[in-house]
Amino acid sequence: MKKKLALLLTVIMIVSIAFTGCGGDSGGEAEGDTIKVGWIGALTGDMAPWGKCESQALQMYIDQQNEKGGVLGKKIELVTYDTKGDNNEAVNAVKRLIAQDKVCAVLGPNASAAAIAIKGALNQGKVPDIATVATNPEITVNKDGSLNPYNFRVCFTDPYQGAVAAGYAIDELDAKTAAVLYDVSSDYSQGFTQFFIETFEEKGGKIVAQEGCKTGDTDFRPQLTKIKKANPDVILLPLGSYKEVALSANQARELGIDATLFGGDTWPSETLFEMAGPALEGSYVVNHFDYNDPAAAEITKMYKDKFDTNPEINAYMVHDAFQLLIAAIEKAESADSEAITKALTEVEIDGVTGHISLSPDDHNPVGKEAAMQQIVKSDTAKDGYEYKFIMKYSPAK
């Protein structure tokens, strides 16, 4: 009986230690001169271009920080896991980062569904996560209004993004009607669609068609044929993969649809123009920042010099997530996960995507503006097209 009791106590102790994050004797500060930071994202599958860019950029920033002395006099070590674009893989990765690798915080993912899926693991491990381009409202605040205490983000949300797209279409383009082709299997796409429709109708516009598709689809002609009959002024394509955006845009033009296309922060990709540049010319994109801003241009040059290719949006977003984490660690004067969590809403930074301070009420950036961009021809761009900054826009306008 005593042996069984001793064994049970040992198991309880091991489980308890496994989920203490960077606090106490088990975490980053106990690793001597090293503080461990985790990252999760897709390194394989359709979302790999964004994940690869984000992880490479983050390692570059960490190397630079370490060259300056690290943080709190300690070097930063990055531990990464490939989610393969799968939510279960994301959950397992976070559990390993907390229990096995003893990270003090996690950066990423850029996908809303994965960011929502890891909430339980973060709560159990009491380790904070800063999402990069994950925009669904439920990442930080549940449907019942309760706050997820360990989930944070540096990007704006789907309600904001959807409201910006709809407001800009009506206010600046004088659109009267709109259609939507959205991914019914994507939390991101559904959220974007919902708030686009709400704002468009509130401003007096009419939704004349709403068609669904699924991740991995390659033929959108049946849905686009119905949209063509509705003859909308603008078409929203809040799709999660550049492949689906390219295919649907090409097929829309092949069917003779000349409506203005709208997209969000999942559109920007070097590969997008290679696949569908002519079909996307004149389209509008809601983005998080202006690529021509001096701070962003510096990141672009740095990344291109190192990796011989232009960065995706993720390189800029993860820069700000990492800088926010560094500020929180310095504010807490500790790599303890709970101390970092508290400090994340007490610090602010001037990032490459704008000034960022996180609200203690919803863990979202306060007052962050969106940048409206248009896809235009370019004589100097690799594939003949580029994102031209038009204006900063707020749906409140």
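Rules of the game
Residues numbered from 1 in each chain as written. Predicted model: local features only at pLDDT ≥ 70, side-chain atom pairs only at ≥ 80, totals over all residues. Heavy atoms only, no water. Helix = DSSP H or I, 4+ residues; strand = E, 2+ residues; numbered from the N terminus. Expected span 1.5 Å × (residues − 1). Buried < 20%, exposed > 50% of the residue type's maximum accessible area, 1.4 Å probe, protein only. Polar contact = N/O pair within 3.5 Å; in protein donor to acceptor, adjacent residues only side chain to side chain. Pairing = 2+ DSSP bridges. Contact = heavy atoms within 4.5 Å. Axes fitted to C-alpha atoms, helices over the stretch in contact; angles between N-to-C directions. Core = buried A, V, L, I, M, F, W, Y, C linked by side-chain atoms within 4.5 Å. Salt bridge = Lys/Arg side-chain N within 4 Å of Asp/Glu carboxyl O.

The terminal C-alpha atoms of helix 12 (residues 313-332), which comprises 20 residues, lie 29 Å apart, in line with the 28 Å expected from a rise of 1.5 Å per residue. A large share of helix 12 lies buried, amounting to 16 of its 20 residues. In the segment just after helix 12, Glu333 is the residue with positive phi, at about 55 degrees.

So, on to the environment of Asp305. Note on placement: Asp305 falls in helix 11 (residues 294-307). Given a relative accessible area of 56%, Asp305 falls into the exposed group. Reaching out from Asp305, the side chain makes a polar contact with the side chain of Lys301 at a distance of 2.8 Å.

What follows covers the sheet that holds strand 3 (residues 106-107). Taken together, 5 strands build an open sheet; the order of strands is 2-1-3-4-5 and the sheet is parallel. Either end of the sheet is taken by a strand with one partner, and the two such strands are strand 2 (75-82) and strand 5 (151-153). Here 8 bridges tie strand 1 (residues 34-41) to strand 2, and the two strands are oriented parallel to one another. Bridge pairing in strand 2 links Ile40 to Tyr81. Along the sheet, helix 2 (residues 48-67) contacts strand 1, strand 2 and strand 3; its crossing angle with strand 2, the most-contacted strand, is approximately 170 degrees. Packing of helix 3 (residues 87-99) onto the sheet brings it into contact with strand 1, strand 2 and strand 3, and relative to strand 1 it is tilted by some 175 degrees.

In this section: the sheet that holds strand 10 (residues 284-287). Backbone hydrogen bonds are what pair the strands of a sheet, in a parallel or an antiparallel way. Overall, mixed pairing links the 7 strands, which are arranged 7-6-8-9-10-13-14 in an open sheet. Each edge of the sheet is formed by a strand with only one pairing partner; in this case those strands are strand 7 (206-213) and strand 14 (385-393). Ignoring which end each strand starts from, the neighbouring axes of this sheet average 25 degrees apart. Here 3 bridges tie strand 8 (residues 234-236) to strand 9 (residues 260-263), and the two strands are oriented parallel to one another. Across the sheet, residue Leu236 finds its bridge partner in strand 9, namely Phe262. Running over the sheet, helix 7 (residues 187-202) touches strand 6 (177-183), strand 7, strand 8 and strand 9 and is turned about 170 degrees from strand 6.

By size, the foremost hydrophobic cluster in this structure holds 47 residues, and its most contacted members are Leu107, Ile130 and Leu324. Elements represented by at least two residues in this core include exactly strand 1, helix 2, strand 2, helix 11, helix 12 and helix 13 (337-343). Take this core: its biggest share by element is 13 residues, from helix 12. Setting aside anything within four residues of it in sequence, one finds Ile130 in contact with Val106, Leu107, Gly108, Phe152, Arg153, Val154, Ala321, Leu324, Leu325 and Leu344.

Take the pattern of salt bridges next. Across all of its chains, the model carries 8 salt bridges by this definition. Across the salt bridge formed by Asp46 and Lys243, the nearest N and O atoms sit 3.1 Å from each other. Within this pair, whereas Asp46 is found in the loop between strand 1 and helix 2, its partner Lys243 is found in helix 9 (residues 242-254), the two being separated by 197 residues in sequence. A relative accessible area of 33% means that Asp46 is categorised as partly exposed.

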